[in-house]
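# Topology and contacts: notes
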Amino acid sequence: MEILHVSAECYPMAKVGGLADVVGALPKYQSALGHFAKVVMPMHRTRFLTDNEWEVVHKGTFDMGKLHYDFTIIKEKTNKLGFDLYCVDIYGLLDREKVYGYNDDTERFMAFQIAVLEWISKWHHKPDVIHVHDHHTALIPFMMKYCYAYSNISNIPTLLTIHNAQYQGWMGWDKSMYLPSWDTWRWGQLDWNNNINPLACGIKCADKVNTVSPGYLGELMQHANGLESLFNYEMGKCSGIINGIDYAVWNPETDTFILDNYNLKDFTNGKHLNKQALCREFQFDENLPLFIFIGRLVNEKAADLLPGSIQWAFQKFGEKFCCLILGSGESSVEYSLQAIARRYVGYYNTQIKYNEKLSHQMYAGADFLLMPSRIEPCGLNQMYAMRYGTVPVVRRTGGLRDTVIDYGETDGYGICFNNPSMDDIVYSIGRGIELFENKPKLLEVRNRMMNINLSWETSTEKYLNLYHSIIH
Ligand code: GLC
């Protein structure tokens, strides 16, 4: 089968969040099963771009509204990632360092989608399926079906994967002039509450839709940032497939970012050495339980609750634990997290940045990972933590509910709580401290979670079945 993934992010070319990890891994696992998986993404100006060799495979032009654009498609020459990686270059729009966050993101991703379709419509053969990810690429199924220029590819089946339904790509109807000439009888497919809503449009027009966990799909029927009724209406074509993790990248036995490698059978010493190194770097006491948080410092992840919870936990339990935070995001959260650092020197530290290497060292060296998320479509960090023997402390929501069982339950291994509140977080930190002091139990929990199969294999099969169900 030939599968073309279209995405804004793909690790290691460009990563903002979990979307990149998924799009960097799933195609690799599909290729390993003998399928031909490709990824096309914008040509962000990243290290990976300059560090690798590329060849030009296509040049084309298109109009968007009143403007005329040239675009170039380049391909990574060596199949380094285990699949073909293509990037779209559009001078003035897709030639930036960051993936998102510009005032003209609407124009940038509209142009990206048009360029991708211009390119595919010129192929001599057709892919078996086009797999689009999140709202940045969710207008593609509509454009394939209803823009006259793409009628030769209108029959290719499409799958939309929703990694996060909070962001929908809303734009005013004035932007409809950017779309290549289309069948205006179909305006209803674009519309949601008098705006163009790309995510809603993708849900309506794609042949099938999936979210990245079954639990999250269930929640979307009640809370979907305005799309609840649409999910209820379209439920027949929706399903939930839990993400896997890339075992080639996330393996404590081979991880080159960490100080000391360890495996499932013999991890106590390796984990200890990694913890020692991490504690030395941040002047923590290695005998205390180490809690970490890694991720975007945003409301969805409940990062705003961290500063208060951490202070409260120090007040309540005394200096009985250490805590290290890595991430960046909303400036008010960044500020409060940094402000408390002065008060708890030797017990607490915040690193306001994105740092892939440090994140690996933290998974390897920590005891507990905090994930109090308000919304978590799947969550990968809890799975990385589990693979590295770090106990996930999670709020029961979306994919976290689907992947973590509380250690108080049969066969459990994590710490789970119900509310994204300071009360619940502090209480759970307390349970973590208690578990840390019960060494035989901690060992049992670590053993159990490190042996859980979190790899992509099962989910890769599920995606293939989903493709088969839409290929005519
Ligand atoms: C988004 C979601 C996260 C999910 C990831 C990959 O970042 O917030 O929960 O794991 O996408 O699907």
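The structure under discussion appears in the preceding block.
Report follows, based on the coordinates. (Residues numbered from 1 in each chain as written. Predicted model: local features only at pLDDT ≥ 70, side-chain atom pairs only at ≥ 80, totals over all residues. Heavy atoms only, no water.)

### Some thoughts on the environment of arginine 431
Within the secondary structure layout, arginine 431 lies in helix H15 (residues 422-437). Along the primary structure arginine 431 and isoleucine 415 are separated by 16 residues, whereas in three dimensions their C-alpha atoms are 7.6 Å apart. When near neighbours in sequence (up to four residues on either side) are disregarded, arginine 431 contacts Asp406, Tyr407, Gly408, Ile415 and Cys416. (Helix = DSSP H or I, 4+ residues; strand = E, 2+ residues; numbered from the N terminus. Contact = heavy atoms within 4.5 Å.)

### Topic: the packing of aromatic side chains
Across all of its chains, the model carries 22 aromatic pairs by this definition. Their ring planes at 15° and their centres at 3.7 Å tell us that tryptophan 250 and tyrosine 384 sit as a pair that is stacked. With tryptophan 250 in the loop between strand S11 (238-240) and helix H9 (268-282) and tyrosine 384 in helix H13 (residues 381-387), the pair connects residues that are 134 residues apart, well separated along the chain. You'll find tryptophan 250 and tyrosine 384 in the same group, each marked buried. Summarising the aromatic geometry, the rings of phenylalanine 291 and phenylalanine 368 are spaced 4.7 Å apart at their centres and angled 20° between planes, so their arrangement reads as stacked. Residue phenylalanine 291 is located in strand S12 (residues 290-294), and its partner phenylalanine 368 is located in strand S15 (residues 368-371); the two are separated by 77 residues in the primary sequence. Relative accessible area serves as the criterion here: at 0%, phenylalanine 368 is assigned to the buried category. Its guanidinium or amino end placed over the ring of tyrosine 11, lysine 15 lies 5.7 Å from that ring's centre, counting from NZ or CZ. (Phe/Tyr/Trp six-rings, centres within 6.5 Å; stacked < 30°, edge-to-face > 60°. Buried < 20%, exposed > 50% of the residue type's maximum accessible area, 1.4 Å probe, protein only. Lys NZ or Arg CZ within 6 Å of the ring centre and 35° of its normal.)

### Comments concerning the site of the ligand
The immediate surroundings of the ligand are formed by 13 residues, with His163, Asn243, Glu376, Cys378 and Gly379 found nearest. Asparagine 243 is positioned with one of its side-chain polar atoms (N or O) 2.8 Å from an oxygen atom of the ligand. With respect to the ligand, the backbone of glycine 379 contributes an N or O atom lying 2.8 Å from an oxygen atom. Contact with the protein chains removes 94% of the 310 Å² of surface that the ligand exposes when unbound. Taken domain by domain, the makeup of the shell around the ligand includes at least three residues from each of domain 1 (2-244 + 457-470) and domain 2 (267-450). (Near = heavy atom within 4 Å. Polar contact = N/O pair within 3.5 Å; in protein donor to acceptor, adjacent residues only side chain to side chain. Areas by Shrake-Rupley, 256 points an atom, 1.4 Å probe, with all protein chains shown as cover. Domains from an automatic or database assignment.)

### Overview of the sheet that holds strand S16 (residues 391-395)
Read across the open sheet, the 6 strands follow the order S14-S13-S12-S15-S16-S17; overall the sheet is parallel. Strand pairing shows two members of the sheet lacking a second neighbour, strand S14 (348-352) and strand S17 (415-417), which therefore form its edges. Each strand axis lies, on average, 15° off the axis of its neighbour in the sheet, ignoring direction. Pairing analysis gives 4 bridges linking S15 to S16, with the strands arranged parallel. Residue pairing for S16: leucine 369 is matched across the bridge by proline 392. Strands S12, strand S13 (322-327), S14 and S15 of the sheet are contacted by helix H10 (residues 306-317), whose axis makes an angle of about 170° with S13. Packed onto the sheet, helix H12 (residues 356-365) meets S12, S13, S14 and S15 and runs at close to 145° relative to S12. (Pairing = 2+ DSSP bridges. Axes fitted to C-alpha atoms, helices over the stretch in contact; angles between N-to-C directions.)

### Topic: the side chain of aspartate 89
Following the sequence through the fold, aspartate 89 ends up in strand S5 (residues 84-90). The exposure class of aspartate 89 is buried, given its relative accessible area of 18%. One polar contact links aspartate 89 to arginine 45, side chain to side chain, over a distance of 3.1 Å. Non-local contacts of aspartate 89, meaning those with residues more than four positions away in its chain, are made with Met43, Arg45, Asp70, Phe71, Thr72, Leu94 and Asp95.

### Here we look at the environment of leucine 290
With respect to the secondary-structure elements, leucine 290 resides in strand S12. Given a relative accessible area of 1%, leucine 290 falls into the buried group. Spatially, the C-alpha atom of leucine 290 lies 9.5 Å from that of glycine 432, the residues being 142 residues apart in sequence. With residues up to four places along the chain from it excluded, the contact list for leucine 290 reads Lys275, Leu278, Cys279, Phe284, Cys322, Cys323, Leu324, Gly365, Ala366, Asp367 and Phe368.

### A closer look at the sheet that holds S5
Ordered by their spatial adjacency, 9 strands build an open sheet running S3-S4-S5-S2-S1-S6-S7-S10-S11, and the pairing between neighbours is mixed. In this open sheet, the two strands that pair with only one neighbour each are strand S3 (54-64) and S11. In this sheet, adjacent strand axes meet at a mean angle of 25° when their direction is disregarded. Relative to S5, strand S2 (residues 36-42) runs parallel, the two being bridged by 5 bridges. Residue methionine 41 lies in a different strand from S5, and its bridge partner there is cysteine 87. On top of the sheet, helix H1 (residues 18-32) reaches strand S1 (2-6), S2 and strand S6 (129-133); it is set at about 155° to S2, its chief contact.

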